[in-house]
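Here is what each chain is made of, one letter per residue.
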Amino acid sequence: MASYNLKINGKTNKVDVDPSTPLLWVLRDSLNMVGTKFGCGMAQCGACTIHLDGNAVRSCVLPVSAIGKQDVTTIEGLSEKGEHPVQKAWLEHDVAQCGYCQTGQIMTATALLKKNPNPTDAEIDAAMSGNICRCGTYLRIKEAIKSVKQ
Ligand code: FES
Ligand code: FES
């Protein structure tokens, strides 16, 4: 066990966990922040995507000991009431079906749009290619991303 002071969604959270614990399980089990989902546990599906200093990363393979002073943002920290422009676009385009993958999709999309507010179709495809949706919502995800006015 070791103690970590993690900066998550603008607040410092103290956790006592094994250094090898993936951030995903610290979020879900230690901090009860269950918006971030477990899919594959092998960095293959994107369900667990969060932001680390603004970059979209897979929290299922990110050991808590590797975070240090970097800022973590989860879906809970994106906006208070779902009013982030990407979340609004998701609602307008009725993107979600079962919804399971959508936290990861939104976190990847928000990281993309922050760096590149007007991505081309190819840039959207490249950025989103690691986020799997078993319900096949890909076309609506793309339309929603393209509709976001930052
Ligand atoms: S659960 Fe992390 S990429 Fe699938
Ligand atoms: S909405 Fe069901 S897995 Fe993507």
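Right, let's walk through the structure included here.

Definitions and cut-offs
- Residues numbered from 1 in each chain as written.
- Chains lettered and ligands numbered in written order.
- Predicted model: local features only at pLDDT ≥ 70, side-chain atom pairs only at ≥ 80, totals over all residues.
- Heavy atoms only, no water.
- Axes fitted to C-alpha atoms, helices over the stretch in contact; angles between N-to-C directions.
- Helix = DSSP H or I, 4+ residues; strand = E, 2+ residues; numbered from the N terminus.
- Parallel < 35°, antiparallel > 145°, perpendicular 65-115°, else oblique.
- Left-handed = near helix turned anticlockwise from the far one by under 90°.
- Contact = heavy atoms within 4.5 Å.
- Pairing = 2+ DSSP bridges.
- Salt bridge = Lys/Arg side-chain N within 4 Å of Asp/Glu carboxyl O.
- Core = buried A, V, L, I, M, F, W, Y, C linked by side-chain atoms within 4.5 Å.
- Buried < 20%, exposed > 50% of the residue type's maximum accessible area, 1.4 Å probe, protein only.

## Quick look at the packing of helix α5 (residues 121-128) against helix α6 (residues 138-147)
Between α5 and α6, whose axes approach to 11 Å, the crossing angle comes to 120 degrees. In terms of axis orientation, α5 runs oblique to α6. In this structure, α5 crosses over α6, and the sense of that crossing is right-handed. Contacts between α5 and α6 involve D121, I124, D125 and M128 from the first element and I141, K142, I145 and K146 from the second.

## Quick look at the sheet that holds strand β2 (residues 11-17)
Spatial ordering of the open sheet is given by β2-β1-β5-β3-β4, a layout of five strands whose pairing is mixed. The strands lining the two open edges of the sheet, one partner per strand, are β2 and β4 (55-58). Within the sheet, the average angular offset between the axes of one strand and its neighbour, ignoring direction, is 45 degrees. When strand β3 (residues 49-52) meets strand β5 (residues 71-73), the two strands line up antiparallel, connected through two bridges. For L52, the partnering residue across the bridge sits in β5 and is V72. Sheet strands touched by helix α1 (residues 23-30): β1 (2-8), β2, β3 and β5. Its angle to β2, the strand with the most contacts, is close to 100 degrees. Strands β3, β4 and β5 of the sheet are contacted by helix α4 (residues 102-115), whose axis makes an angle of about 35 degrees with β3.

## Describing the pattern of salt bridges
Pairing between side chains of opposite charge can happen when the charged atoms of each approach one another. Overall, the coordinates contain five salt bridges when judged by the stated rule. The partner of D16 in a salt bridge is K14, and the shortest N-O contact between them spans 3.5 Å. The closest approach of N and O atoms between D125 and K142, which form a salt bridge, is 3.0 Å. Of the two residues, D125 sits in helix α5 while K142 sits in helix α6, which places them 17 residues apart along the sequence.

## Things to note about the nonpolar core
Counting residues in hydrophobic clusters, the biggest one holds 17 residues, and the most contacted among them are V86, W90, I106, A109, M128, I141 and I145. Taken together, the elements giving at least two residues each to this core come down to α2 (75-78), α3 (85-92), α4, α5 and α6. At five residues, α4 tops the list of elements feeding residues into this core. In contact with M128, not counting residues within four places along its chain, are Q105, T108, A109, I141 and I145. In this structure, Y4, M33, L52 and V72 belong to the second largest nonpolar core, which totals 15 residues.

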